[in-house]
Amino acid sequence: MAYLNVDEIETALQSLAAEYPELTELIELPHPTHEDRRTRCLRIGADPDRNGVLLLGGVHAREWVPPDALVSLAADLLEAGTLGTGLVYGNHQVPAERVQQVLEGTNLYVFACVNPDGRRHSQTVEPMWRKNRRPHPAGGICTGVDVNRNFDFLWDHTALFHPDADVATSADPCDRRQVYRGPSAASEPETRNVVHLLDTRPGIRWHVDVHSFVPVILHNWGSDEHQTTDPEQNFRNPDFDGLRGIPGDTAYREYLPAADLDDEVALGTAMSDAIRQVRGDEYPVTPAFGGLYPTSGASDDYAYSRHFTDSSRSRVLGFTIECAHSFQPPWAEAEDVIREVSAALLALAAEVAERTDREEPASVDQKGTS
Ligand SMILES: [Zn+2]
């Protein structure tokens, strides 16, 4: 085996949809990429009305394992569910009853390769390519946007963060770190395809963007440290523009309701525990700000921010898994990482499948304008 190329990923999702029509739905994403590729998301679940988990892979081109991990998980889950068997990932076992529980109790929205143009470029031209392939007159490093800096969450970092905040994004298309945020929030077709799923599938209540590498499991927020007591300190409040993103201060910390924090830590820990059982790897659970660096325009914070901006939207808890110990490990190592990611995501799915409540979107009473 070897890493899937972008055509093989799309074909795999289409084949699974054809093979398991009772358990799947193939969702064609509406926005073609800059190189005119179409992408698909495979919904897996027996009951489309159940709540679900959005799984993203391949946002960053050079991170080769996550798309393969998501395709592998989809195939495993559908096969085991149909045969009535369990799944084994290293020393982690998923009993047959839990496979059925996942298929009946929730939906997995598998968007395995968000940025196929970038992946193709990484796999055939420049292995360390990170961005998409948005054209730029100068070409070279100036081509492309970092899709995970392009979401509409504190996107304009120069206006909204402290001047000294070390935000890992850039307004310069030619930034050598490949963290160009794009010409405007959600300017990129890859970004808008993710937004489309969140907009059209209100059952999505959890969001996991699978990246590499650290390893670590991140939860909201990435913009600053969080606090649970002052709802006024929030990303929409212009009173705090120019103050965000400084570690260790109290001038601004992002509001995170205590119940959501507890839930994110509990679900993150369930994923981390499952991973440890596979082969002993430690994936600590940490807020995104503390885990790496301040971020803006990232998918996990955008997903969670949506219900604060518009209280009619579902609340979506946001996670990022940074899997593996390198971007493109040898295939034998990649297989172990795929087992870890699969174990983690099935653990999360099993946790949320037990939740039968149809909780209304949280009513939000916050100051600020979006
Ligand atoms: Zn990444």
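Not measured: the values here are computed from a predicted model.

A look at the coordination of the zinc ion
For step 1, the next point in the chain: Only H60 (ND1), E63 (OE), E63 (OE) and H211 (ND1) from the protein coordinate the zinc ion, and they sit 2.1 to 2.5 Å from it.
For step 2, the next point in the chain: With four donor atoms in place around the zinc ion and angles of 56 to 139 degrees between them, the coordination shape is irregular.
For step 3, the next point in the chain: Among the residues examined, H211 registers a relative accessible area of 1% and is labelled buried.

As for the nonpolar core
For step 1, the next point in the chain: Judged by nonpolar contacts, the single largest core of 97 residues is most densely connected at L42, I44, L55, V208, I321 and L345.
For step 2, the next point in the chain: Contacts of L345, omitting those with residues within four sequence positions, involve L55, L70, L73, V208, V210 and I321.

Some remarks on the pairing of strand β8 (residues 216-219)
For step 1, the next point in the chain: Of the two faces of β8, the one carrying V216 and L218 and the one carrying I217 and H219 are both buried.
For step 2, the next point in the chain: Alignment of β8 against strand β12 (residues 317-323), held across four bridges, turns out to be antiparallel. Of the residues in β12, the one forming a bridge with L218 is T320.
For step 3, the next point in the chain: Of the strand pairs in this sheet, β8 and strand β11 (residues 285-287) are connected by three bridges, and their pairing is parallel. Directly across from I217, in β11, lies its bridge partner V285.

Considering helix α1 (residues 6-19)
For step 1, the next point in the chain: Helix length check: α1, at 14 residues, gives a terminal C-alpha distance of 20 Å against a target of 20 Å (1.5 Å per residue), a fit within 8%.
For step 2, the next point in the chain: Within the sequence span of α1, burial applies to V6, I9, E10, A12, L13, L16 and A17. The buried residues of α1 all sit within an arc of 155 degrees when viewed along its axis, so they share a single face. Residues D7, A18 and E19 are exposed on α1 and point more than 90 degrees away from its buried face.
For step 3, the next point in the chain: Against β1 (24-28), β2 (40-44), α2 (65-83), β6 (107-111) and α4 (116-124) lie the buried residues of α1.

Some words on the state of the cysteines
For step 1, the next point in the chain: Overall, the coordinates contain one disulfide when judged by the stated rule.
For step 2, the next point in the chain: At a sulfur-sulfur separation of 2.2 Å, the disulfide partner of C142 is C174. Between C142 and C174 the sulfur-sulfur dihedral comes to about 110 degrees; the bridge is accordingly right-handed. A residue pair is termed long-range when its members are at least 10 positions apart, and C142 in the loop between α4 and α5 (157-160) and C174 in the loop between α5 and α6 (189-200) qualify at 32 residues.
For step 3, the next point in the chain: Taking the relative accessible area as the measure of exposure, C142 reaches 10% and is therefore buried.
For step 4, the next point in the chain: Here C113 is not disulfide-linked; the sulfur of C41 is the nearest cysteine sulfur, at 12 Å.
For step 5, the next point in the chain: With no disulfide of its own, C323 lies closest to C113 among cysteine sulfurs, the gap being 14 Å.

A few points about the side chain of S122
For step 1, the next point in the chain: By the element assignment, S122 lies in helix α4.
For step 2, the next point in the chain: Side-chain polar atoms of S122 contact the side chain of W64, separated by 2.8 Å.
For step 3, the next point in the chain: For S122, the residues in contact, after removing those within four places along its chain, are A61, R62, W64, P127, W129 and Q328.

Some thoughts on the environment of G90
For step 1, the next point in the chain: Of note, G90 is situated in the loop between β4 (87-89) and β5 (92-94).
For step 2, the next point in the chain: In this structure G90 comes out as partly exposed when scored by relative accessible area, which is 40%.
For step 3, the next point in the chain: Setting aside its immediate chain neighbours within four residues, G90 contacts V278 and R339.

Calculation criteria
Residues numbered from 1 in each chain as written. Predicted model: local features only at pLDDT ≥ 70, side-chain atom pairs only at ≥ 80, totals over all residues. Heavy atoms only, no water. Donors = N, O, S within 2.8 Å, 3.2 Å for Na, K, Ca; no water. Tetrahedral: all angles 85-135°; square planar, octahedral: opposite > 155°, others 65-115°. Buried < 20%, exposed > 50% of the residue type's maximum accessible area, 1.4 Å probe, protein only. Core = buried A, V, L, I, M, F, W, Y, C linked by side-chain atoms within 4.5 Å. Contact = heavy atoms within 4.5 Å. Helix = DSSP H or I, 4+ residues; strand = E, 2+ residues; numbered from the N terminus. Pairing = 2+ DSSP bridges. Expected span 1.5 Å × (residues − 1). Arc of directions from axis to C-beta. Disulfide = S-S within 2.5 Å. Polar contact = N/O pair within 3.5 Å; in protein donor to acceptor, adjacent residues only side chain to side chain.

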